[in-house]
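Commentary on secondary and tertiary structure
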Amino acid sequence: MAVLVGGQSPVSGPLIVPQPQQMTFGTQTLQLNPLKFQIYCPSKSPVLASAIKRYSDLFFLYGNGAPSTAPAAILNIKVISNSDSLYLGVSENHTISLVAAYSLLITADTVYGAIRALETVSQIIQYDFVTQRYTIPNTPISITDYPRFPWRGIMIDTARHFVPASYLMHTIDALAANKMNTLHWHITDGQSFPASSVTYPNLTMGAWAPEAVFSVDDIKEVVAYGKSLGVRVVPEFDIPSHTYSWAAAFPTIMANCPDYTYSYGQLPMSIANYLTYEVITNLFTEMSGYFLDTYFHTGGDEVPYGCWKEDPQVAEWMNLNGYTPTLAEQFFEDQVTSILAKVNRTKIVWNDPFVDGVKLDPSTLIQVWDSSFQDIVNAGFEVIVSFDYYLDEQVPTGNLHWMFEDTWSDFYAADPYNGITSNTNKILGGEACMWSEQVNHLSMDVRVWPRAIGVAERLWSAQTQTDVNNALTRIGPQTCRMSQRGIASGPLFPDFCMLPDDFESYLQQPRMRLSKEQINTFLNNN
Amino acid sequence: MLYYTLVFLFISLVSCQPTPISGPLITPLPQTYTFGSGVIRLNTGFFDIAANIESDLLNNAILRYQKLFFPFGVGYPTNNPIATLNIKVSSDSEILQLYVSENYTISVEMVGQSPQLEIIADTIFGAMRALETFSQLISYDAQSQSYSIPFVPIYIDDFPRFPWRGLQIDTGRHFIPTSFLMHIIESCAYSKLNTLHWHVSDGESFPAESKSLPNITLGAFGPLAIYTIADMEEIVAYGLSWGVRVLPEFDVPAHSFSWSTAFPGIMANCPGDSDLDGWPLSPALPEAYDLISKIYTDMSEIFIDKYFHSGGDELPYACWDNDPVIANWMTQNNFSTTQAEQYFEDQITNILDGLQKTKVIWHDPFANGCEVRKDTVLQVWDNAQMAQQVVNAGIRAIVSYDWYLDMQIPVPGHTHYEYEDTWLDFYAADPLMGVTTNTELVIGGESCMWGEQVDHRNFDVRVWPRTIAIAERLWSNENVTDTNKALTRFDPFSCHISNRGINSGPLYPDYCLLTSDFSQYSHQPRFKLTKEQIKNIYNSQK
């Protein structure tokens, strides 16, 4: 009745997830005394200061432990640039050198490289429950690390089910623990519109309930929280389809196609209505003030052409302009590109318009969820891949396993380069997608983790890092560590994970809230 | 064409859509019920529950449900009239055992200006099931902050289809804290499951403390991964307090490597013929039987249910065949490997007879050709054909083959776009599907949550809401099979138990209003028993 998960091959040395690009280690063990441990960093970066405070806690999750005679230790952090600007491609490179108590060093180009290094160090420090002591085994350790892809994300859908802002910050914690750097926030869909807008306060009439909304302050806090961990928060307001929730406030911007209402979640806007563009313009302009990142996702997926043809007004408009539905879609996408250009945002869309034959602006970033991948990069577009990283699916890549959680290994095997023979340089990275028809904040951690660790390592580590047993040996401690911090990430093979008494207080909650002042600072210094 | 493919792939249409149902949404669906269109408004300050008998267990349940009826606090003050839920129970026996009556009726009506609320049950356990149903009749309106019972008058006549309705958990592959096991028991009771099958030990660990053999827990994952005797008693008593039998499984002869940490001599010696997980004991050593006898004797005192699961699954014959000592012993006794297994199983039966326990095992020894005594209960994990053979042999069966919660594809050949939709497969898997004769010997089933990839961190989400489908399949009428109607009830039920701290997610897009305190209970039991109560509960079963 039980099939054992493939045996874990013992890996010696530090067990780090994602596996660093280069690492050497020795056989010494360094004792640590939490009371005599300091992090020294001359950088004036408020973001890095916040991260240092956080990791001072995460290094020593079990308190001070038993009295220790270990010598004082100082972790020096040297960062070349003091800029807190977070953007796609910001350097996350770092080196770590752990030799002796007086010689612990992190170097990085940017504060975000230093934050990744702090996560690595937190994975190196070990706690022994019997002796109640902290150590750094395997010294001297020398690590040189950098990501394979600059875009490493998770997509969360807050429209099919609302999840609180606090849970989004909790998810950002989980991303950072795996060196993922992008939270793609699919905010709205046909089922609900939970984002508050000052310009259009009535839009949240399309939310599930009056309390199931993100206030402007919530949105800002999530964006700032992301920044505090080097996680870009990229919004998606999905148009022209998947917009039925907008209709609670603006009924006339929907296309009128009774034959398609059976799938209300997917109904599209009317592209022939001036108000449609006005609402989009004003909303996107406002939201660009909250979402700092220069990328802005406008969905664009699954336009039911039949609906536009059925709507007499849209049909007439297409006729007058001599538009096929594809040309109409083209017109719409062009308008959206212009709207975003005015607020200095680069558009991201799902691959659908491309597949439909729309000529997209060359600056567009395309998120690929089907098999059109090679054509898209050949056409010169930059892409992020998701087609093999759908966390909601029973059979994500066609592979069958006895146990469901073993689908992690499918994600792990799904290299973005698989099946791509040319223009691989156009691949910026990928995203694991947690569509939430059947997920809310009560179940999301468990549905996402530990499986998405497979995606995180695939996107960070070297392409040659593919040994499943080696990965399992490291994912075991990683999923336990995440749990110890309050992320409900289960195991992949029989073992024992000791949880601290307080892990429950962080379930569904962020580990460390930011102050109002920090939020303002982080949002203003990009 | 391409376009339609995309639609199918992307929006992940849930294959079912909830059907609007008027009337109370109760899960599992009661056997019969009628309802009207009236509303009884409730005043939390003036709501009483009164019972016609004195029973500590029932009183305890009443205290619990007084809280669970009103999860969002006292609400906005109202001047609605006083309401009393009267519970009439025929028997004041507190003995919980297989086949105990869980029948009940509920009547909710207005007589003149006053609400008449009544539960009638044969036993206190029927009354507990009724209290759960009643809690699902109460509706909370967030806007007015008030509670009411809509659709009155309501008359319910309910009873379970099968007497054995279980959830199997595995603490051999991962340790799960005592508090979380009690949390699991609550989730069972909420969905009217009445059996927690606790697969305590396996090849990987032996977490149960033994009075006579304290070293046995050297086979635990660690000193902090152990159930003390007091822990186990608390779990058993907690189960009893919810009407949930706790059935222990100490798996022998295979899946027993963890026993050998303390007693290295008892394992079969067959390097290469088994992995650590499935490694068997030696049947040729008297010490092995002596050890089992001592452990089972200790455990029988703690686990007071009449049934005791001894595993018996997946014996790797090659391991016994290739151990020279065992091979020699089999030759001397003129045993085939099957006869050796038979001999082993007979010894276990004798041990359990001496402890007045009825043996439960997986169907493997039967399938291997061992004679199985007629009073045994066989848990079938293979398929319906096997279940048919078991009942045709005159042996009672509980079925689990289509209810493996750990599997990616739980029912062969059935796949869905979204993983959670495997609930549909569980729902469709009727225990009598493919069993056409001697059906009365199918006494129920169990949903199995094997623990290789599960512990308390992710348990709820792996088990719920999918097991709701199994709970309904085992309780409700065989003809309750409409999946769209089930969805309409299952999501509110999932929300209902989420509010009590069970991390049960949704099955389709919707919104679940959560209480401010639900997360306090997300790894904890809602209620606890005092030491005194635990002792009294044990005494009540004698």
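Residues numbered from 1 in each chain as written. Chains lettered and ligands numbered in written order. Predicted model: local features only at pLDDT ≥ 70, side-chain atom pairs only at ≥ 80, totals over all residues. Heavy atoms only, no water.

**Let's talk about the overall build of chain A**
What chain A contains, in helices and strands, is 15 helices and 17 strands. In terms of C-alpha radius of gyration, chain A reaches 24 Å, essentially the compact-globule figure of 24 Å for 526 residues. Over its C-alpha atoms, taken along the principal directions, chain A stretches across nearly 85 × 50 × 40 Å. Here chain A, with 526 residues, has 66% of them falling under the buried criterion. On chain A, roughly 17,200 Å² of surface is accessible, and the fraction owed to carbon and sulfur atoms is 52%. Here chain A holds 29 positive side-chain charges and 51 negative ones, and the gap between their average locations is 11 Å. (Helix = DSSP H or I, 4+ residues; strand = E, 2+ residues; numbered from the N terminus. Rg over C-alpha atoms; globule rule 2.2 N^0.38 Å. Buried < 20%, exposed > 50% of the residue type's maximum accessible area, 1.4 Å probe, protein only. Areas by Shrake-Rupley, 256 points an atom, 1.4 Å probe, with all protein chains shown as cover. Lys, Arg positive; Asp, Glu negative; His and termini not counted. Charge placed at Lys NZ, Arg CZ, Asp CG, Glu CD.)

**Structural notes on the state of the cysteines**
Under the criterion given, the structure shown has four disulfides over all chains. Paired through a disulfide, C480(A) and C497(A) show a sulfur-sulfur distance of 2.1 Å. One disulfide, between C480(A) and C497(A), carries an S-S torsion of 85 degrees and so falls in the right-handed class. You can see C480(A) sitting in helix α14 (residues 468-484) and its partner C497(A) sitting in the loop between α14 and α15 (516-524), a full 17 residues away along the chain. Shown here is the disulfide that connects C495(B) with C512(B), its sulfur atoms set 2.1 Å apart. Between C495(B) and C512(B), the S-S torsion sits near 85 degrees, and that sign places the bridge as right-handed. Of this pair, C495(B) sits in helix α15 (residues 483-498) while C512(B) sits in the loop between α15 and α16 (531-540); the two residues are 17 residues apart in sequence, bridging distant segments of the chain. For the pair C495(B) and C512(B), one class covers both residues: buried. Bonded cysteines in chain B are paired 1-2, 3-4 when counted in the order they occur along the chain. (Disulfide = S-S within 2.5 Å.)

**Details of the packing of aromatic side chains**
Going through the model one piece at a time under the given rule, you end up with 72 aromatic pairs over all chains. Taking the centre distance of 4.7 Å and the plane angle of 45 degrees together, the rings of F284(A) and F296(A) count as tilted. Highlighted residues: F284(A) in helix α5 (residues 274-290) and F296(A) in strand β13 (residues 295-299), separated in sequence by 12 residues. The exposure classification of F284(A) matches that of F296(A), with both residues buried. Ring geometry for W164(B) versus Y307(B): centroids 5.6 Å apart, planes at 85 degrees, classification edge-to-face. Taken together, the residues W164(B) in strand β10 (residues 164-170) and Y307(B) in strand β13 (residues 307-311) connect sequence positions 143 residues apart. We note that W164(B), like Y307(B), is buried. In textbook terms, an aromatic cluster arises when at least three aromatic residues are bridged by ring pairs, as seen for F47(B), Y65(B), F69(B), F70(B), F72(B), F134(B), Y140(B), Y147(B), Y190(B), Y238(B), W242(B) and F527(B). (Phe/Tyr/Trp six-rings, centres within 6.5 Å; stacked < 30°, edge-to-face > 60°.)

**Comments concerning the interface of chain B and chain A**
Counting residues at the interface gives 65 residues for chain B and 69 residues for chain A. When chain B packs against chain A, the two sides together hide about 5,800 Å² of surface, and 62% of this comes from carbon and sulfur. Seen at the junction of chain B and chain A, the total is two salt bridges. E405(A) is the salt-bridge partner of R462(B), the closest N and O atoms lying 3.4 Å from each other. (Contact = heavy atoms within 4.5 Å. Buried area = accessible area lost by both parts, 1.4 Å probe. Salt bridge = Lys/Arg side-chain N within 4 Å of Asp/Glu carboxyl O.)

**Some remarks on the UniProt feature "domain: Beta-hexosaminidase eukaryotic type N-terminal" (unreviewed entry) in chain A**
Per the UniProt record, the feature "domain: Beta-hexosaminidase eukaryotic type N-terminal" (unreviewed entry) sits at residues 16-124 of chain A. Summarising residues 16-124 of chain A: 26% helix, 29% strand, and an end-to-end C-alpha distance of 7 Å. (UniProt positions renumbered as here; feature names shortened; annotations may be inferred.)

**Brief notes about the domain arrangement of chain B**
Residue and element names in this part refer to chain B. When cut into domains, chain B gives domain 1 (32-158) and domain 2 (164-532). Placing a centre on the C-alpha atoms of domain 1 and another on those of domain 2 gives a separation of 33 Å. At the junction of the two partners, domain 1 supplies 24 residues and domain 2 supplies 28 residues. Counting the surface lost from both domain 1 and domain 2, the interface buries some 2,300 Å², and carbon and sulfur atoms represent 61% of this. Looking at the side of domain 1 facing domain 2, the largest losses of area belong to R64, L98 and R129, adding up to 30% of the total buried there. Our enumeration of links across domain 1 and domain 2 arrives at two salt bridges. Its salt-bridge partner being R165, residue E102 comes within 2.8 Å of it at the nearest N-O pair. Taken together, domain 1 and domain 2 are joined by 12 residue pairs in polar contact (both at pLDDT 80 or more). Per-element tally for the side of domain 1 that touches domain 2: the top contributor is helix α3 (residues 124-137), with seven residues. Class assignment for the residues of the side of domain 1 that touches domain 2 results in 13 nonpolar, five polar and six charged. (Domains from an automatic or database assignment. Polar contact = N/O pair within 3.5 Å; in protein donor to acceptor, adjacent residues only side chain to side chain. Nonpolar A, V, L, I, M, F, W, Y, C, P; charged D, E, K, R; others polar.)

**Details of the domain arrangement of chain A**
Residues and elements named next belong to chain A. Considered domain by domain, chain A is made up of domain 1 (22-145) and domain 2 (151-466). For domain 1 versus domain 2, the distance between C-alpha centres works out to 35 Å. The interface is formed by 17 residues belonging to domain 1 together with 19 residues belonging to domain 2. Of the roughly 1,500 Å² buried where domain 1 meets domain 2, counting both sides, 55% is carbon and sulfur surface. On the domain 1 side of the contact with domain 2, R54, L88 and R116 bury the most area, a combined 42% of that side's loss. Inspection of the domain 1/domain 2 interface yields two salt bridges.

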